[in-house]
Every structure is written in structure tokens, then in C-alpha cells.
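Residues per chain are reported as follows:
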Amino acid sequence: MASVVLLAFGGLDPCHAQGIAGGDRVIPPTPGEGEFFHDLADVVDRTDEETIRNIQQEVFQSVGVPIVVVTISSMTRYDPRSPSIESFAHRWFDSWGIG
């Protein structure tokens, strides 16, 4: 299935370590069916989140294409060795089966 993916960076917080497994940082597990909004950086307020979710639902219902929104605070939190944002995003998209 085709999808539109937005990956945004919030305020940088290198000390905040989610997704650590055995000392290696990892991309979070693939979300469940219909879960298109992931504010992992905690930068989107409730009103904006509701607006984004409504738009995502409308687009998905009308054309069948999910718009996946992910915010993160830092690439190095998930992949400290990624050489570029493009390769990082590609790895994330492949991991989640989107894009």
C-alpha cells in the first residue's frame, strides 16, 4: 500500500533514551493497524494532534492512502550511526513497511 510519510524532529534531547535494547538504539516496533500518528518527541499539542488525526482519517477513508506522521527528538536516539537523514528515514520506513 502506498503511503505519505512525514518525519519531523522536535526539540533535541539526547539524554532521553526510548527504544533502547541491549544498549543499541532501535526504531520502535511497527504500530498497529490504523495507527498513523506518533508524537514520540511530545511536541504536538492536543488540538493540533486532533486536527492531524482528523485529516489523516479523512484522506485514508477517501483515497485509501495513510498519511503517517512521526515526530522524534533526535536521529541519534534511534540510529546513532546513520550517515544522513535520508538513510535514517529510509531505514525507519522499511522497518515499518511504509513509504
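What you see is a predicted model, and the numbers here were worked out from it, not measured in a lab. (Residues numbered from 1 in each chain as written. Predicted model: local features only at pLDDT ≥ 70, side-chain atom pairs only at ≥ 80, totals over all residues. Heavy atoms only, no water.)

(A) Representation of the packing of aromatic side chains in the model. Within this structure, the stated rule accounts for four aromatic pairs. Where Tyr78 meets Trp92, the ring centres are 5.2 Å apart and the plane angle is 70 degrees; that geometry is what we call edge-to-face. Of the two residues, Tyr78 is situated in the loop between β5 (67-72) and α2 (85-96) and Trp92 in helix α2; the sequence distance between them amounts to 14 residues. Comparing Tyr78 with Trp92 shows no difference in burial state: the two are buried. Here a set of aromatic residues connected by ring pairs shows up, and it is made of Tyr78, Phe88, Trp92 and Trp96. (Phe/Tyr/Trp six-rings, centres within 6.5 Å; stacked < 30°, edge-to-face > 60°. Helix = DSSP H or I, 4+ residues; strand = E, 2+ residues; numbered from the N terminus. Buried < 20%, exposed > 50% of the residue type's maximum accessible area, 1.4 Å probe, protein only.)

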